[in-house]
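One-letter residues, chain by chain:
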Amino acid sequence: MKITRFASPKGVSPVIGIYPGTFDPLTSGHLDLIGRGSHLVDRLIVAVLANEAKHPLFSMEERTEMLREATAHFPNVEVDSFNGLLVQFAQARGAKLLLRGIRAVSDYEYELQMALMNRRLNPNIETVFLMAGESYSFLSSRMVKEVIRLGGDVSQMVPPNVEHRLRARLLGAAAGPE
Ligand code: ADP
């Protein structure tokens, strides 16, 4: 089925959306959300939060690079990074929509808190939630790292470029061609 992208008519300002996250690393669940989200806006900015408090496995540069590689085929998706308040970054980029994903019920409470706080900080910016794709509802970056550490197959859980880097980082596998 060909999905037609919603696009603003000429003369109407384009709708810019931001999909923020830690992406340590990007998973197929994130990619699915990016694909579906990109149809809802004229331009989707995937924004990598530095998030040093979470002691990420990959640096911000690495996470950004993996995202750029994996989203290169989406014509209206760009990848950027930010530090500090999301609503300030959104305002600076002219974005009025924040995209987040909801997997199980356990995501709901945290996401609700964040969305309400962001609305209080800037009522002109709306958070939009997309349900996780059914095959990705239990997929998280943390789980992928655990599975690969224990020798499991993650090829259905992350794009090939991410699997390659994960193997190199966590298993010390020789970095051959991807
Ligand atoms: P954060 O630290 O901001 O939660 P993540 O990279 O873990 O960063 O997630 C970014 C967003 O993507 C969150 O809204 C999260 O709920 C969503 N997300 C994470 N994994 C999936 C998945 N498998 N399917 C759909 N959405 C997901």
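Described in the following lines is the structure provided in the data block.

Quick notes on the rules
Residues numbered from 1 in each chain as written. Predicted model: local features only at pLDDT ≥ 70, side-chain atom pairs only at ≥ 80, totals over all residues. Heavy atoms only, no water. Helix = DSSP H or I, 4+ residues; strand = E, 2+ residues; numbered from the N terminus. Rg over C-alpha atoms; globule rule 2.2 N^0.38 Å. Buried < 20%, exposed > 50% of the residue type's maximum accessible area, 1.4 Å probe, protein only. Areas by Shrake-Rupley, 256 points an atom, 1.4 Å probe, with all protein chains shown as cover. Core = buried A, V, L, I, M, F, W, Y, C linked by side-chain atoms within 4.5 Å. Pairing = 2+ DSSP bridges. Right-handed = clockwise from strand over helix to strand, strands pointing away. Axes fitted to C-alpha atoms, helices over the stretch in contact; angles between N-to-C directions. Parallel < 35°, antiparallel > 145°, perpendicular 65-115°, else oblique. Contact = heavy atoms within 4.5 Å. Nonpolar A, V, L, I, M, F, W, Y, C, P; charged D, E, K, R; others polar. Near = heavy atom within 4 Å. Polar contact = N/O pair within 3.5 Å; in protein donor to acceptor, adjacent residues only side chain to side chain. Phe/Tyr/Trp six-rings, centres within 6.5 Å; stacked < 30°, edge-to-face > 60°.

### Regarding the overall build of the protein
- In terms of regular secondary structure, the protein is built from six helices and five strands.
- Along the protein, helices and strands appear, N-terminal first, in the series β-α-β-α-β-α-β-α-β-α-α.
- Scaling as 2.2 N^0.38, a compact globule of 178 residues should have a C-alpha radius of gyration of about 16 Å, and the protein matches this with 17 Å.
- With respect to the three principal axes, the spread of C-alpha positions in the protein is 50 × 35 × 30 Å.
- Looking at the protein residue by residue over its 178 residues, the buried ones come to 46%.
- A total of about 10200 Å² of accessible surface is found on the protein, and carbon and sulfur atoms cover 56% of it.

### As for the nonpolar core
- Judged by nonpolar contacts, the single largest core of 29 residues is most densely connected at Tyr19, Ile34, Val46 and Leu67.
- Considering each element in turn, this core owes the most residues, four residues, to helix α2 (residues 60–71).
- Grouped together as the second largest cluster of nonpolar side chains are twelve residues, Ile18, Ala47, Val87 and Ile125 included.

### Side note on unusual backbone geometry
- A cis amide bond, omega -5 degrees, links aspartate 24 with the succeeding residue proline 25.
- Following the sequence through the fold, proline 25 ends up in the loop between β1 (16–21) and α1 (28–38).
- Despite not being glycine, histidine 55 shows a phi value in the positive range, around 45 degrees.
- Along the chain, histidine 55 turns up in the loop between β2 (43–49) and α2.

### Considerations on the pairing of strand β5 (residues 126–131)
- Pairing of strand β4 (residues 97–102) with β5 involves six bridges; the strand directions are parallel. Looking at β5, one finds that leucine 98 is bridged to threonine 127.
- A crossover connection joins β4 to the parallel β5 through helix α4 (residues 105–121); in handedness this β-α-β unit is right-handed.

### Things to note about the packing of α2 against helix α6 (residues 160–171)
- Packing of α2 against α6 brings their axes to within 9 Å, and their N-to-C directions diverge by 150 degrees. When the axes of α2 and α6 are compared, the pair comes out roughly antiparallel. Here Glu62, Glu65, Met66, Glu69 and Ala70 of α2 lie close against α6, whose contacting residues are Asn161, Val162, Arg165 and Arg169.
- Grouping the constituent residues of the contact of α2 with α6 by class yields three nonpolar, one polar and five charged.

### Topic: the site of the ligand
- Contacts to the ligand come from 17 residues, most closely from Tyr19, Thr22, Lys54, Gly101 and Tyr136.
- In the model, an oxygen atom of the ligand is placed 3.2 Å from a nitrogen or oxygen of the glutamate 111 side chain.
- Leucine 139 is positioned such that a nitrogen or oxygen atom in its backbone is 2.9 Å from a nitrogen atom of the ligand.
- Bound to the protein, the ligand loses 92% of the 550 Å² it would expose on its own.
- When residues of the shell around the ligand are traced back to their parent elements, those giving at least two are β1, α1, β4 and α4.

### Thoughts on the side chain of serine 28
- On the secondary structure map, serine 28 appears in helix α1.
- For serine 28, a relative accessible area of 12% puts it in the buried group.

### Here we look at the packing of aromatic side chains
- In this structure the tally under the stated criterion is two aromatic pairs.
- Arranged with centres 5.2 Å apart and planes meeting at 80 degrees, the rings of tyrosine 19 and phenylalanine 23 form a pair that is edge-to-face.
- A relative accessible area of 6% places tyrosine 19 in the buried class.

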